[in-house]
Amino acid sequence: MEFIASGETAGHSGAAAEQAVWQTIRRAFGPGDEGVAYWRYPIIDPNGAAFDREADFLLLHRDIGLVVVECKGYRLDHIGAIQGDRWQLQGTRQTSATPYTQARDQGFRLVRHLRDEPALVDDRGNCTVPLHFFVALPNVGRDEWDDRFGGLPSAPPVITDDELTPGSLRDRLESVPGNGLTHDEFRAARAVLSGGQPISGERGGRDEDAASSPGDTKADLAARVERGLKRLDREQEELALQVPDGPQQIRGIAGSGKTVLLAGKAAQLHARHPDWRIVVTFQTRSLYETVTETIAAYYRHFTGGDPDWSRLQVMHGWGGRTRRGLYFEAAQAAGVEPRTYSEAREAFADADPGDEDDPFAGEGDDDDDPEHDLLHHCCAEVLDSGEPQERYDAVLVDEAQDFDPAFFRLCHAVLRPPKRLVWAYDEAQSLQSLSAPSPTEIFGTDSRGRPTVDLSGAYEGGVQKSRILRKAYRTPRPALLLAHVFGMGLCRDAGAVQALTTQSGWEDLGYDIEGDFRRYGTPVTLRRPAEHSPHPLSEVSAARPFVRVERFPDRGAELDHVADAIARDVREDDLDPSQVLVVTLGSVGGSRDAGERLAQRLGRRGIDANLVWDGDPDVFTEDGAVTIARINRAKGNQAPQVYVVGVDTVADATRRASLVQRRNEAFVAITRTTAWVTVTGSGGPDRVFAELRDVTSQVTGDDPVVTFPAPEQGALERTMLDATLDAF
């Protein structure tokens, strides 16, 4: 049995009663039960009373069906009379209530979603999931209830104090009529409750059948991946439903579903608290459409309506004269004239090393230094010379690895207490570093040396202040292993470039490690358990290989090969051109030149190309066109088929970008794939391609394992600390 609580501290008089019921539910059902129980499930009536907006308790049990429980802390003397569905109250803040009707309405709202699932309807279109409603009264005894209301035809089914023991509650719920659910019905209903079915559009709930007979083309397989990636697992679902009573950090490996998770969290926060001002912010402008659509889909699932976008705001981290942004709005409210990019570049010229392009458009120079990030200086200016106003109730930051400390401090400053700042960062998506800064590095300490933001432990409602997502859904296991091993240079002849050097650090990324990093040169074995990479195609042999590496004598031959491969993807495997992403590595000039030459070759083959740097900075993909992007625009985006062009440039020491950054760019490019990645290069040192082929041969087996010598820690360009130590 799974137990998922929102963690939000109730502010009404029935909170203690709810706590008593929840504790009994947790004790009544155990590991042997197939089901899920929610405390405050956000199927919400936007027009409900302040205390009756969402289901107090929701249980889905394979042997019982769906149970909705409305909990009231009334004593018997609070209930003056029951007339139909209305309870007349006395001695309480409310004069009347309709608890049974509330539970029933919540259940019927869910039935609308259940009926969209073919596995859960009969031939007449009726929902086959048994549905039951109760009112829980922890402060009322069974005998006194029956003496006064037991004879009324309108008296609802109640759970009284006498039945709030584990055995009695279980007996009470198991006594309801109905035959329970089949395995397929339970899986389908579980997917509906998680939000996965309404969001992904997937129907049937029969993943096993789909795995045994997938379509033959890449297009068929890609469609299955797209559906699967929008479903939340239990840990993601719990995080999405939780309401932290203060700051919360979410760390996750590439492809762990953080963007979808934050979208679900934003939607349910808005549904629960429509009066709150909530902001969802990020750095990659092309995420606007994806984030907005996903939030809207979740909100419709929870409420049946559309969000109030004036209260739930999706905005870029910087902003501008014509586009809302968190920095711009915060600066204006603080009495500081916000700076555009060009104004910031001029104002902080001494701090900026000089970019060829506008990073606000997502196309910065390949040698950006986070210490000199212009947004960082702009935010610091507001904090130092302005008066930041507490104007938001929650701020959710996606792609947190793209922001520097001053931005987070500004977000914290503009939040009302209790400072609900939720930030999710990818464990290895920064182009400058494969490790993220600790909360102390971001927010600093007080005069006594204590962390300004303490992420140890949990809030009163049980919400953990820091969470780690180890499962990678988006990137296939071979591609993720290749990206990590090559990105760190663990199999590099000249020695690793950067590395995690603790077992706990690797475990945070979802890996198993055998070996001792303290013994330089001794074998270390890296393994990623299948359960930590539950990719939708992981068991589909027709989808393999997920990773290819190709080398060519010159760039022209390389681009010819990639153009031919894309033509086959489109014409033989039925991929839409927009499902193909080409990431060109190297300097600004070199990578753009390669992209333009590839676009010409595609044009000669009758395929349109979208050179991202020439288009709208808010748009990443265009219908019917292959996407060609440099790494700064590719991060945060993905596609089923990815081509990483110019991998030889990771060895180009003439670039100002450091060796660490060049390796990180390769890592980010490889992890853009949701299914297949082909890494190509031309010329360059033999050792780079030998390294790639060595790693690829190790990661493409049924049980991928990579063995490498323990690096000499003193020779590493960067040592990535165990991030659990940073948070706790």
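Residues numbered from 1 in each chain as written. Predicted model: local features only at pLDDT ≥ 70, side-chain atom pairs only at ≥ 80, totals over all residues. Heavy atoms only, no water.

Enquirer: For this particular structure, what's the right way to read the environment of Val-612?
Expert: In this structure, Val-612 sits in the loop between strand 21 (608-611) and strand 22 (625-630). Overall, the relative accessible area of 2% leaves Val-612 in the buried class. Not counting chain neighbours up to four residues away, the residues in contact with Val-612 comprise Phe-620, Thr-627, Ile-628, Ala-629 and Arg-633. (Helix = DSSP H or I, 4+ residues; strand = E, 2+ residues; numbered from the N terminus. Buried < 20%, exposed > 50% of the residue type's maximum accessible area, 1.4 Å probe, protein only. Contact = heavy atoms within 4.5 Å.)

Enquirer: I keep staring at the pattern of salt bridges and nothing clicks. Help me out?
Expert: Taken as a whole and judged by the stated rule, the model has 41 salt bridges. We note a salt bridge from Glu-18 to Arg-40, for which the minimum N-O separation is 3.1 Å. Within this pair, whereas Glu-18 is found in helix 1 (residues 15-28), its partner Arg-40 is found in strand 2 (residues 35-41), the two being separated by 22 residues in sequence. Of the two residues, Glu-18 and Arg-40, neither departs from the other in class, the shared state being buried. Note that Arg-416 and Asp-393 form a salt bridge whose closest N and O atoms lie 2.9 Å from each other. With Arg-416 in strand 14 (residues 415-426) and Asp-393 in strand 13 (residues 392-397), this residue pair connects regions lying 23 residues apart in the sequence. (Salt bridge = Lys/Arg side-chain N within 4 Å of Asp/Glu carboxyl O.)

Enquirer: Can you help me understand the side chain of Lys-265 in this one?
Expert: Inspection of the secondary structure puts Lys-265 in helix 10 (residues 258-272). Among the polar contacts made by the side chain of Lys-265, one reaches the main-chain carbonyl oxygen of Gln-242 at a distance of 2.8 Å. With residues near it in sequence (within four places) discarded, Lys-265 still touches Leu-239, Ala-240, Gln-242, Pro-244, Gln-248, Leu-396 and Val-422. (Polar contact = N/O pair within 3.5 Å; in protein donor to acceptor, adjacent residues only side chain to side chain.)

Enquirer: How should I be thinking about the sheet that holds strand 15 (residues 466-469) in this particular structure?
Expert: Pairing between the strands of a sheet comes from backbone hydrogen bonds, and it takes one of two forms, parallel or antiparallel. Pairing is parallel in the open sheet, where 6 strands are placed in the order 12-11-13-14-10-15. If you trace the sheet from one side to the other, it starts and ends with strand 12 (312-316) and strand 15, each paired once. Averaged over all adjacent pairs, the angle separating strand axes in this sheet is 15 degrees, with direction ignored. Along the sheet, helix 15 (residues 405-413) makes contact with strand 11 (278-282), strand 13 and strand 14, crossing strand 14 at roughly 150 degrees. (Pairing = 2+ DSSP bridges. Axes fitted to C-alpha atoms, helices over the stretch in contact; angles between N-to-C directions.)

Enquirer: Sorry, what's going on with the sheet that holds strand 9 (residues 158-160) here?
Expert: Taken together, the 6 strands give an open sheet; going across it, the order is 1-2-3-4-8-9, and neighbouring strands pair in mixed fashion. The open sheet has two edge strands, strand 1 (2-5) and strand 9, and neither has a second partner. Pairwise comparison of adjacent strand axes, ignoring direction, gives a mean angle of 20 degrees for this sheet. Across 5 bridges, strand 3 (residues 55-61) lies against strand 4 (residues 65-71) in antiparallel orientation. Bridge pairing links His-61 to Gly-65 in strand 4.

Enquirer: Explain the nonpolar core to me, please; I cannot follow it from the model alone.
Expert: Nonpolar side chains in soluble globular proteins tend to be buried together. Membership of the largest hydrophobic core comes to 62 residues, with the highest contact counts inside it found for Leu-482, Trp-506, Leu-537 and Val-679. Dropping the residues within four chain positions of it, Leu-482 is found in contact with Gly-487, Val-547, Ile-670, Val-679, Leu-692, Val-695, Thr-696 and Val-699. Listed in part, the 55 residues of the second largest apolar core include Ile-44, Leu-114, Val-129 and Phe-282. (Core = buried A, V, L, I, M, F, W, Y, C linked by side-chain atoms within 4.5 Å.)

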